[in-house]
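Listed below are the residues making up each chain.
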Amino acid sequence: MNLTIFLLALFDGIAYAALVFSVAVGLTLIFGVMRILNVAHGSLYAVGAYLTVSLTGYILALGFAPVLAFPMMIVSAVLVGVLIGGPIEWLLLRRIYNKPEVLQLLVTFAVFMILEDVQRLVWGTQPYFQASALQAMGMIRVFGVNYTVYQLIILPLVALVLLVGLRFFLRHTILGKLILATTEDREAAQSIGIDADKVFLLTFIVGAALAGLGGALASPTTSILPGMGADMIVLSFAVVATAGLGQIEGAAFTALLIGLGRSFAVYVWPETAVLVPYLIMLIVLLVRPEGLFGSPTARKI
């Protein structure tokens with residue numbers, strides 16, 4: 001492998017890892033606080049991508065500058081979190097917190113299927129593509145390799161901000177400490193006056209918004225079409241399981257590990273590129289069933 005191929009694989013892996021982490025961190029947050037594996041997370045990712053493409057196309061048609069595609073990403077993420085994530089938690093999930101895990105999975109899977117059909121009803125089945133944000137940032141030359149600034153700098157920077165911001169929020173703000181207290185023991189938190197229902201609602205809105213943001217960030221780099229949510233939720237589960245459920249920093253590391261593994265496989269052995277993330281997960285879970293950064297916990301009875 002020559003230097004050019006190595007650098008391309010490295011840059012592709014970093015950009016891909018940043019995107020996957022942006023989605024997986026929301027899934028990790030929801031599970032860490034609420035103990036629910038949200039299968040619908042993939043559809044929230046897809047809706048975020050569709051909204052970004054639609055809103056960006058609309059403002060460009062009005063004659064605004066392409067750089068405004070970036071605020072549209074934030075708007076799309078907020079809309080996904082508030083208008084979709086909020087009602088899902090309030091109307092559905094709140095009724096099944098004390099139910100068996102299988103029922104929780106079935107409910108979130110049902111939401112996933114409904115949202116997939118909604119996407120087809122609203123946007124149809126034709127692919128969408130809107131690369132204004134990618135083009136607006138231009139290219140950068142690194143060691144003789146040309147690469148997009150958006151993928152090499154913006155995406156990793158956003159992922160880093162999400163990682164640092166979430167850890168700061170949870171550890172150094174009053175609201176974050178309320179969330180952590182509810183996570184550790186919901187009954188004890190409620191006994192001292194913490195409204196666990198509001199904490200769970202806020203957590204799910206933030207997690208859903210992160211899924212929408214992941215889709216928004218992905219929209220300039222790929223075609224938006226039905227089924228993209230299913231691919232991302234499977235990959236996000238691989239990242240979360242490899243790291244250990246509820247591990248935010250671990251999700252960042254495993255997203256990078258899986259992103260680089262997949263990228264180098266594309267350049268070295270393309271036939272295995274789809275398989276590599278799940279091979280990494282399989283190897284890790286065989287050695288450490290609780291994940292790289294997880295720890296065995298006693299089940300509360």
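For the structure itself, consult the block above.
Residues numbered from 1 in each chain as written. Predicted model: local features only at pLDDT ≥ 70, side-chain atom pairs only at ≥ 80, totals over all residues. Heavy atoms only, no water.

## Some details on helix α4 (residues 101-123)
Between its terminal C-alpha atoms α4 stretches 33 Å, which fits the 33 Å expected from 23 residues at 1.5 Å a residue. Those residues of α4 that sit buried are Gln 104, Val 107, Thr 108, Val 111, Phe 112, Leu 115, Glu 116, Gln 119 and Trp 123. Of the surrounding elements, those touching the buried residues of α4 are α2 (41-61), α3 (69-91) and α10 (228-243). In the segment just after α4, Gly 124 is the residue with positive phi, at about 75°. (Helix = DSSP H or I, 4+ residues; strand = E, 2+ residues; numbered from the N terminus. Expected span 1.5 Å × (residues − 1). Buried < 20%, exposed > 50% of the residue type's maximum accessible area, 1.4 Å probe, protein only. Contact = heavy atoms within 4.5 Å.)

## Let's talk about the packing of helix α7 (residues 174-184) against helix α9 (residues 196-218)
Packing of α7 against α9 leaves a shortest axis separation of 10 Å and a crossing angle of 110°. Comparing their axes, α9 and α7 come out roughly perpendicular. Contacts between α7 and α9 pair Leu 175, Ile 179 and Thr 182 from the former with Ala 196, Val 199, Phe 200, Leu 202 and Thr 203 from the latter. When the residues that make up the contact of α7 with α9 are grouped by side-chain class, the tally is six nonpolar, two polar and no charged. (Axes fitted to C-alpha atoms, helices over the stretch in contact; angles between N-to-C directions. Parallel < 35°, antiparallel > 145°, perpendicular 65-115°, else oblique. Nonpolar A, V, L, I, M, F, W, Y, C, P; charged D, E, K, R; others polar.)

## Observations concerning the packing of aromatic side chains
Per the stated rule, a full pass over the model turns up eight aromatic pairs. When the ring of Phe 6 is compared with that of Phe 264, the centres are 5.6 Å apart and the planes differ by 50°; the resulting orientation is tilted. One end of the pair, Phe 6, is in helix α1 (residues 3-34); the other, Phe 264, is in helix α11 (residues 248-268), and 258 residues separate them in sequence. Measuring from centroid to centroid gives 5.7 Å for Phe 253 and Phe 293, while their planes differ by 75°, and the two rings are edge-to-face. One end of the pair, Phe 253, is in helix α11; the other, Phe 293, is in the segment after α12 (276-287), and 40 residues separate them in sequence. (Phe/Tyr/Trp six-rings, centres within 6.5 Å; stacked < 30°, edge-to-face > 60°.)

## Structural notes on the environment of Met 137
Note on placement: Met 137 falls in helix α5 (residues 132-137). Put simply, Met 137 and Pro 66 are 71 residues apart on the chain and 9.7 Å apart in space, counted from C-alpha to C-alpha. Ignoring any residue separated from it by four or fewer positions in sequence, one finds Met 137 in contact with Phe 70, Val 149, Tyr 150 and Ile 154.

## Things to note about the side chain of Ser 263
Mapped onto the fold, Ser 263 is located in helix α11. Apart from the residues within four sequence positions on either side, Ser 263 is in contact with Leu 8, Ala 9, Asp 12 and Gly 13.

## Description of the environment of Phe 253
Since its relative accessible area comes to 43%, Phe 253 is described here as partly exposed. Separated by 65 residues in sequence, Phe 253 and Ala 188 place their C-alpha atoms 32 Å apart. Look past the residues within four positions of Phe 253 in its chain and what remains in contact with it is Leu 292 and Phe 293.

## Details of the nonpolar core
Among the nonpolar cores identified, the biggest contains 86 residues, and Phe 21, Met 34, Leu 44, Ile 88, Leu 93 and Tyr 150 are the most heavily contacted of them. Residue contributions to this core peak at 15 residues, all from α1. Discounting residues that sit within four places of it in the chain, Leu 93 has contacts with Met 34, Ile 36, Ile 88, Val 107, Thr 108 and Phe 204. (Core = buried A, V, L, I, M, F, W, Y, C linked by side-chain atoms within 4.5 Å.)

## Brief notes about the pairing of strand β1 (residues 139-142)
Of the strand pairs in this sheet, β1 and strand β2 (residues 145-148) are connected by four bridges, and their pairing is antiparallel. Note on β2: the bridge partner recorded for Val 142 is Val 145. Linking β1 to β2, which pair antiparallel, is a turn of two residues; within it Phe 143 sits at a positive phi near 50°. (Pairing = 2+ DSSP bridges.)

## Topic: helix α6 (residues 149-172)
Residues separated by three or four positions in an α-helix point in the same direction, a consequence of the helix having 3.6 residues per turn. Along its 24 residues, α6 runs 32 Å from first to last C-alpha, staying within 8% of the 34 Å computed at 1.5 Å per residue. For α6, the full list of buried residues reads Val 149, Tyr 150, Leu 152, Ile 154, Leu 155, Ala 159, Leu 162, Leu 163, Leu 166, Arg 167 and Leu 170.

## Comments concerning the packing of α2 against α4
In contact at an axis separation of 9 Å, α2 and α4 are set at 20° when each is read in the N-to-C sense. Compared by their axis directions, α2 and α4 come out roughly parallel. The two elements α2 and α4 meet at a crossing, and its hand is left-handed. Contact residues: α2 offers Gly 42, Ser 43, Leu 44, Ala 46, Val 47, Tyr 50, Leu 51 and Ser 54, while α4 offers Phe 112, Leu 115, Glu 116, Gln 119 and Trp 123. (Left-handed = near helix turned anticlockwise from the far one by under 90°.)

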